[in-house]
Amino acid sequence: MSTHSDSTTLTQSRAGKYLTFFLAGEEYGLEILKVSEIIGLQPITRVPRMPEFVRGVINLRGKVIPITDLRRKFGMAAEDSEDSCIIVVQMRGIQTGIVVDRVSEVVAVAEGDIEDAPSFGAGIRTEFLLGIGKAGGRVKLLLDIDKVLATSEIEALQAAQQAA
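Visitor: Explanation requested: the overall build of the protein in the structure shown.
Guide: Scanning the protein from terminus to terminus reveals 4 helices and 11 strands. Looking at the 164 residues of the protein, the share that counts as buried comes to 42%. Contacts in the protein between residues at least 24 apart in sequence constitute 58% of all its contacts with a sequence separation of at least 6. Working note: accessible area of the protein is about 8700 Å², and carbon and sulfur atoms make up 50% of it.

Visitor: Can you walk me through the pattern of salt bridges in this structure?
Guide: Any two side chains of opposite charge can pair, so long as their charged atoms come close to each other. A full pass over the atoms with the stated rule returns 12 salt bridges. Several salt bridges share partner residues, and in doing so they unite Glu27, Glu105, Arg138 and Lys140 into one network.

Visitor: Would you mind going over the pairing of strand E7 (residues 94-100) with me for this structure?
Guide: With 7 of its 7 residues buried, E7 lies for the most part within the structure. Here E7 shows a buried face lined by Ile94, Thr96, Ile98 and Val100 and a second buried face lined by Gln95, Gly97 and Val99. As paired strands, strand E6 (residues 85-91) and E7 are joined by 7 bridges and run antiparallel to one another. The residue of E7 that forms the bridge with Ile86 is Val99.

Visitor: Whenever I open this one, the nonpolar core confuses me. Can you help?
Guide: Nonpolar side chains tend toward joint burial in soluble globular proteins. Judged by nonpolar contacts, the single largest core of 28 residues is most densely connected at Phe21, Leu30, Ile87 and Leu143. Ranked by residues supplied to this core, first place goes to E6 with 4 residues.

Visitor: What is the right way to read the side chain of Glu27 from this model?
Guide: Turning to its location among the elements, Glu27 is positioned in strand E2 (residues 26-31). Judged by its relative accessible area of 5%, Glu27 falls in the buried class. Of the polar contacts made by the side chain of Glu27, one reaches the side chain of Thr20; its length is 3.2 Å. Setting aside residues up to four positions removed in sequence, Glu27 forms contacts with Thr20, Phe21, Phe22, Ser104, Glu105, Arg138, Val139, Lys140 and Leu141.

Visitor: Would you mind showing me how to read the pairing of strand E10 (residues 129-135) here?
Guide: In summary, the side chains of a regular strand alternate between the two faces of the sheet. When you tally the buried positions in E10, you get 6 out of 7 residues, the bulk of the element. Relative to strand E11 (residues 138-143), E10 runs antiparallel, the two being bridged by 6 bridges. In the sheet register, Ile132 faces E11, and the bridge partner there is Leu141. Counting the residues between successive antiparallel strands, the hairpin from E10 to E11 contains 2 residues, one of them, Gly136, with a positive phi of roughly 60 degrees.

Thresholds, definitions, all that
- Residues numbered from 1 in each chain as written.
- Predicted model: local features only at pLDDT ≥ 70, side-chain atom pairs only at ≥ 80, totals over all residues.
- Heavy atoms only, no water.
- Helix = DSSP H or I, 4+ residues; strand = E, 2+ residues; numbered from the N terminus.
- Buried < 20%, exposed > 50% of the residue type's maximum accessible area, 1.4 Å probe, protein only.
- Contact = heavy atoms within 4.5 Å.
- Areas by Shrake-Rupley, 256 points an atom, 1.4 Å probe, with all protein chains shown as cover.
- Salt bridge = Lys/Arg side-chain N within 4 Å of Asp/Glu carboxyl O.
- Pairing = 2+ DSSP bridges.
- Core = buried A, V, L, I, M, F, W, Y, C linked by side-chain atoms within 4.5 Å.
- Polar contact = N/O pair within 3.5 Å; in protein donor to acceptor, adjacent residues only side chain to side chain.

In structure tokens form, the structure reads like this:
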């Protein structure tokens with residue numbers, strides 16, 4: 001009985017508004033409450049000895065924030081286009097930017113339109129997915145931005161921020 005209650009609570013917590021964006025032709029969603037702003041791609045200062053997915057840092061109105069390249073983090077080829085932009089988010093209390101191919105829209109996803117991420121077998125990590133959302137006739141991979149990076153990777157972002 002508590003499992004049903006826990007499942008209901010989890011489903012309800014996933015329903016809401018999501019900012020959707022594209023990476024390599026696939027549509028992803030971020031909880032809108034985690035998004036601070038969207039800015040255009042700008043020069044990024046590379047910080048030596050950072051993991052490959054950490055592009056570097058930018059100066060955002062006097063505050064240095066680390067920039068994560070989601071394509072590199074997810075093992076995709078790095079590629080910028082004129083539509084590439086940075087979504088500034090709060091990730092475990094750290095303000096950081098993530099580079100995406102392009103931002104799409106804000107959509108409301110009802111709890112009934114979110115399914116758990118399927119199991120892809122042993123060794124395939126999916127804990128960074130809140131679920132699979134269905135909206136507007138399309139499927140969106142809903143990210144749990146707090147789980148996209150491991151604790152050690154969060155520490156790398158903090159190091160990049162402090163090194164700048």
